[in-house]
Amino acid sequence: MSEPRTVDAVIVGAGLSGLYQLHRLREAGLSVRVLEAADDVGGTWYWNRYPGARCDVESMSYSYSFSPELEQEWTWTEKYPTQPEILKYVRHVADRFDLRRDITFGTRVTSAAYDETTGRWLVISDSGDVVDARFLIMATGCLSASKTPEVPGLDRFQGPTYHTGHWPHDGVDFTGQRVGVIGTGSSGIQSIPILAEQAADLTVFQRTPNFSMPAGNRPLTEDEIREMKANYRAWREAQRTSAFGVPVRPATHSALEVSEEERNAVYQDGWDQGNLVAILGSYTDTLTNKEANDTAAEFVRDKIRRIVKDPELAETLSPRSFPYGTKRPCLDTGYYETFNKEHVHLVDVRKTPLVELTERGVRTSEQEYEFDAIVFATGFDAMTGALAAIDIRGRNGLSLKEKWGEGPRTYLGLAIAGFPNLFTITGPLSPSVLSNMIVSIEQHVDWVTDCITWMQEHGKTAIETTTEAEDAWVEHVAEVGAYTLYPTADSWYMGSNVPGKPRVFMAYIGGVGTYRQQCDQVAADGYRGFTLT
Ligand code: FAD
Ligand code: N01
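Residues numbered from 1 in each chain as written. Chains lettered and ligands numbered in written order. Predicted model: local features only at pLDDT ≥ 70, side-chain atom pairs only at ≥ 80, totals over all residues. Heavy atoms only, no water.

### Comments concerning the overall build of the chain
So, step 1. Counting secondary structure elements, the chain contains 16 helices and 20 strands.
So, step 2. Here the C-alpha atoms of the chain give a radius of gyration of 23 Å, agreeing with the 24 Å that 2.2 N^0.38 yields for 533 residues.
So, step 3. By principal-axis analysis of the C-alpha atoms, the chain measures approximately 70 × 55 × 45 Å.
So, step 4. The buried share of the chain, reckoned over its 533 residues, is 59%.
So, step 5. Contacts in the chain between residues at least 24 apart in sequence constitute 72% of all its contacts with a sequence separation of at least 6.
So, step 6. Accessible surface, the chain: about 21,600 Å² in total, of which carbon and sulfur atoms supply 48%.
So, step 7. Averaged over its 51 positive side-chain charges, the chain has a centre that lies 1 Å from the centre of its 73 negative ones. (Helix = DSSP H or I, 4+ residues; strand = E, 2+ residues; numbered from the N terminus. Rg over C-alpha atoms; globule rule 2.2 N^0.38 Å. Buried < 20%, exposed > 50% of the residue type's maximum accessible area, 1.4 Å probe, protein only. Contact = heavy atoms within 4.5 Å. Areas by Shrake-Rupley, 256 points an atom, 1.4 Å probe, with all protein chains shown as cover. Lys, Arg positive; Asp, Glu negative; His and termini not counted. Charge placed at Lys NZ, Arg CZ, Asp CG, Glu CD.)

### Some points on the site of ligand 1
So, step 1. Close contacts around ligand 1 come from 33 residues, with S17, E36, D56, Y62 and M437 the closest.
So, step 2. Contact between ligand 1 and T44: an oxygen atom at 2.7 Å from a side-chain N or O atom of the residue.
So, step 3. M437 places a polar main-chain atom, nitrogen or oxygen, 2.7 Å from an oxygen atom of ligand 1.
So, step 4. The protein chains hide 95% of the 980 Å² of surface that ligand 1 would expose on its own.
So, step 5. Elements with a contribution of two residues or more to the shell around ligand 1: helix 1 (16-27), helix 2 (44-47) and helix 14 (437-457).
So, step 6. If one sorts the elements of the shell around ligand 1 by residue count, helix 2 sits on top with three residues.
So, step 7. Taken together, the residues that form the shell around ligand 1 break down as 17 nonpolar, 12 polar and four charged. (Near = heavy atom within 4 Å. Polar contact = N/O pair within 3.5 Å; in protein donor to acceptor, adjacent residues only side chain to side chain. Nonpolar A, V, L, I, M, F, W, Y, C, P; charged D, E, K, R; others polar.)

### Some words on the pairing of strand 12 (residues 344-348)
So, step 1. Strand 12 sits mainly inside the fold: four of its five residues count as buried.
So, step 2. Bridging between strand 9 (residues 201-206) and strand 12 involves five bridges; their strand directions are parallel. The residue bridging F205 from the neighbouring strand is V347, located in strand 12. (Pairing = 2+ DSSP bridges.)

### Let's talk about the sheet that holds strand 12
Strand pairs in the sheet, formed through backbone hydrogen bonds, run parallel or antiparallel to each other.
So, step 1. One open sheet accounts for five strands, arranged 7-16-8-9-12; its pairing is parallel. A single partner strand is all that each edge strand has here, and the edge strands are strand 7 (161-163) and strand 12. Averaged over all adjacent pairs, the angle separating strand axes in this sheet is 20°, with direction ignored.
So, step 2. With four bridges connecting them, strand 8 (residues 178-182) and strand 16 (residues 373-376) associate as parallel partners. From the neighbouring strand, I182 faces strand 16, where its bridge partner is F376.
So, step 3. Contacting strand 8, strand 9, strand 12 and strand 16, helix 5 (residues 186-198) crosses the sheet at an angle of about 155° to strand 9. (Axes fitted to C-alpha atoms, helices over the stretch in contact; angles between N-to-C directions.)

### Some points on the pattern of salt bridges
So, step 1. By the definition in use, this model includes 40 salt bridges.
So, step 2. The shortest N-O distance in the salt bridge between R5 and D129 comes to 3.9 Å. Of the two residues, R5 is situated in strand 1 (residues 5-12) and D129 in the loop between strand 5 (120-125) and strand 6 (130-138); the sequence distance between them amounts to 124 residues.
So, step 3. Its relative accessible area of 16% is what places D129 among the buried residues.
So, step 4. Linking D40 and R91 is a salt bridge whose minimum nitrogen-to-oxygen distance equals 2.7 Å. Here D40 is found in the loop between strand 2 (32-35) and helix 2, whereas its partner R91 is found in helix 4 (residues 83-96), with 51 residues between them in sequence.
So, step 5. Residue D40 is classed as buried on the basis of its relative accessible area, which comes to 11%.
So, step 6. Connected through shared salt-bridge partners, R178, R360, E368, E370 and D372 make up one network. (Salt bridge = Lys/Arg side-chain N within 4 Å of Asp/Glu carboxyl O.)

### Quick notes on helix 5
So, step 1. In this model helix 5 runs 19 Å from its N-terminal to its C-terminal C-alpha over 13 residues, within 8% of the 18 Å that 1.5 Å per residue would give.
So, step 2. Taken together, the buried positions of helix 5 are S187, G188, I189, Q190, S191, I192, P193, L195 and A196. (Expected span 1.5 Å × (residues − 1).)

### Some details on the side chain of S212
So, step 1. The residue S212 is located in strand 10 (residues 212-214) in this model.
So, step 2. Within the structure, S212 has its side chain in polar contact with the backbone oxygen of C330 (distance 3.3 Å).
So, step 3. Once you skip the residues sitting within four places of it in the chain, S212 turns out to touch I189, W271, V300, C330, L331, D332 and Y336.

### Points about the packing of aromatic side chains
So, step 1. Within this structure, the stated rule accounts for 35 aromatic pairs.
So, step 2. Plain terms: the ring middles of Y411 and F530 are 5.1 Å apart, the flat faces sit at 55° to each other, and that makes the pair tilted. Of the two residues, Y411 sits in the loop between helix 13 (400-403) and strand 18 (422-424) while F530 sits in strand 20 (residues 530-532), which places them 119 residues apart along the sequence. Each member of the pair, Y411 together with F530, is buried.
So, step 3. Through successive ring pairs, a cluster of aromatic residues spans Y20, Y64, F66, W74, W76, Y89 and F97.
So, step 4. The ring of Y46 has R49 lying over it, and the distance from NZ or CZ to the ring centre is 4.9 Å. (Phe/Tyr/Trp six-rings, centres within 6.5 Å; stacked < 30°, edge-to-face > 60°. Lys NZ or Arg CZ within 6 Å of the ring centre and 35° of its normal.)

### Observations regarding the nonpolar core
So, step 1. The biggest cluster of nonpolar side chains holds 133 residues, and the ones touching the most others in it are Y64, F174, L202, L317, F339, F423 and W447.
So, step 2. Sequence-distant contacts of Y64, defined by excluding residues within four places in its chain, comprise G15, L16, L19, Y20, L70, E71, Y89, V93, R236, I438 and E442.
So, step 3. V123, L136, I392 and W404 belong to the second largest nonpolar core, which has 21 residues in total. (Core = buried A, V, L, I, M, F, W, Y, C linked by side-chain atoms within 4.5 Å.)

### Looking at the sheet that holds strand 15 (residues 368-370)
So, step 1. Strands sit in the order 13-14-15 across an open sheet of three strands; the sheet is antiparallel. For this open sheet the edge positions go to strand 13 (354-357) and strand 15, each flanked by a neighbour on one side alone. Averaged over all adjacent pairs, the angle separating strand axes in this sheet is 20°, with direction ignored.
So, step 2. Sheet topology note: the strand 13/strand 14 (residues 361-364) ladder contains three bridges and is antiparallel. Bridge pairing in strand 14 places L357 opposite V362.

### Focus on the site of ligand 2
So, step 1. Contacts to ligand 2 come from 25 residues, most closely from E150, S187, Q190, T208 and K327.
So, step 2. T184 has a polar backbone atom sitting 2.9 Å from an oxygen atom of ligand 2.
So, step 3. Here an oxygen atom of ligand 2 sits 3.0 Å away from a polar atom, N or O, in the side chain of W492.
So, step 4. Coverage of ligand 2 by the protein amounts to 90% of the 900 Å² it exposes when considered alone.

### Side note on the confidence of the model for the chain
So, step 1. Residues at a pLDDT of 70 or more form 100% of the chain, whose mean pLDDT is 97.
So, step 2. Confidence estimates for the predicted assembly give a pTM of 0.98 and an ipTM of 0.99. (pLDDT = per-residue confidence, 0-100.)

See the structure below:
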């Protein structure tokens, strides 16, 4: 182990969160070290290089707002940017703001311990790097700890396997191959149409069908770019005060108050726009009333029936086990159409469960399927996985993993009782994954930076949330969540995709704008709910 390097703050992760946090803390005059497992910046957009990977928030909204100059300089090319274009953008930001000199790449943080005598964190990485810091900021990502399917024999298969979240940097050519894909979440739905173009034969193993609608992706026109660049300030303000970080006209009616004809016209408009929030936000009760929700769900199922020629296949692809929107809905480019191709097959693993991977492929309860390559589009141990992978110890050696044994407990998704001077960017129990995440990232980073600056101005060296404030927040998040349909689904929002994970709704559905006001009020009240020394 090397001699500790001493800085004011350590940031773990150099994705969109870590980079902006570095920029802000540097501006505030702190010395900072960022530790990043990857060999470059980008986070999600560094790791997820599978074919078809793109954002499903429009490019001009999924970009940093903190620098008007950056906004004007950078020009997006498509409505929904591809992974390579986003990565190029993130690299541009790192260079433009000279961020790389404070980042150590290729180093994975394995432990972090708070020393009560010094009031400092000792952060240790697998490369032997040791950093001693007053503040520890976890920018480790909500969707960065990938998970493989829980089936025996993962090492047995003789061909190559790929996880969408760890895709080879040189790409993979599946031309002429027999390919199996496990998983039909956003990553599967984006990649399957492109895999089908390459593969000689493609078999998709589906456990739960998902709701998807066409992205309607296209190049941005010069007029659109000019108009957005002229109106960025107003647009950003609208993002910050919106429910999901994407401005939409607020709904005024229940879905059940209007005629079926009127409702379907509204849904059709959302479908044509290729905008996720358009259908979700059409009516006041889509996410709170099952009957209202059913109208949106049935609209999408009807579309599936119209696109997929084989009625039985269409039914297998139709989600029925959870309300619309309570698992992350998807945007696609030709997903349902892909199943009309003769060389594409769908296996419903609810009916014929996965038994094991074999040397030659995948065995279900019914038969063995032989493949040249297998793709795991099986997602992530979301929200808590990256944090739980690090041995984080707070006061009295308290382990974060143990503290969260029955589900994450935070105050505002930003701070944790027993863990002084530790902040989590888009941490569990904040809006995070229920929003355009860059809006939530900027809000958290700004709040943390303002808090640290305030501490410096007021001669404070330690901040810790109280257990009472944390308990009240946990209760509030659960209460607001229970008012919605989200907790009725087996989703990664609920931890259901990871066997043994406690069933807790891990995000705050109070809305991005409302949440911002709550955080600002806590700060304005002299950091209500925190102890400062
Ligand atoms: P990440 O980008 O996940 O970065 C975290 C970084 O921390 C990673 O680089 C990781 O290597 C590093 N790290 C983690 N643990 C350690 C450790 N122990 N030591 C060192 N480094 C560590 N959000 C949207 O709002 N809209 C979208 O359309 C959208 N599309 C997405 C598509 C995909 C395929 C995925 C996976 C996610 C998508 N998201 C989307 C969510 C996306 O994760 C966020 O928008 C955003 O990129 C998160 O940035 P971040 O910096 O917080 O986390
Ligand atoms: O992961 P997922 P993802 N046996 O968890 C199945 C963001 N994102 O990488 O639903 C069989 O959604 C699992 O089945 P089930 C976005 O927030 C955005 O696709 O658990 N199947 C599911 O079908 C997204 O929500 C974009 O029953 C198994 C799939 O694998 C999040 O990242 C693109 C299994 C996993 O789906 C995660 O998306 C990509 C098993 N043992 C990602 N284990 C955009 O377009 C899992 N599955 C913006």
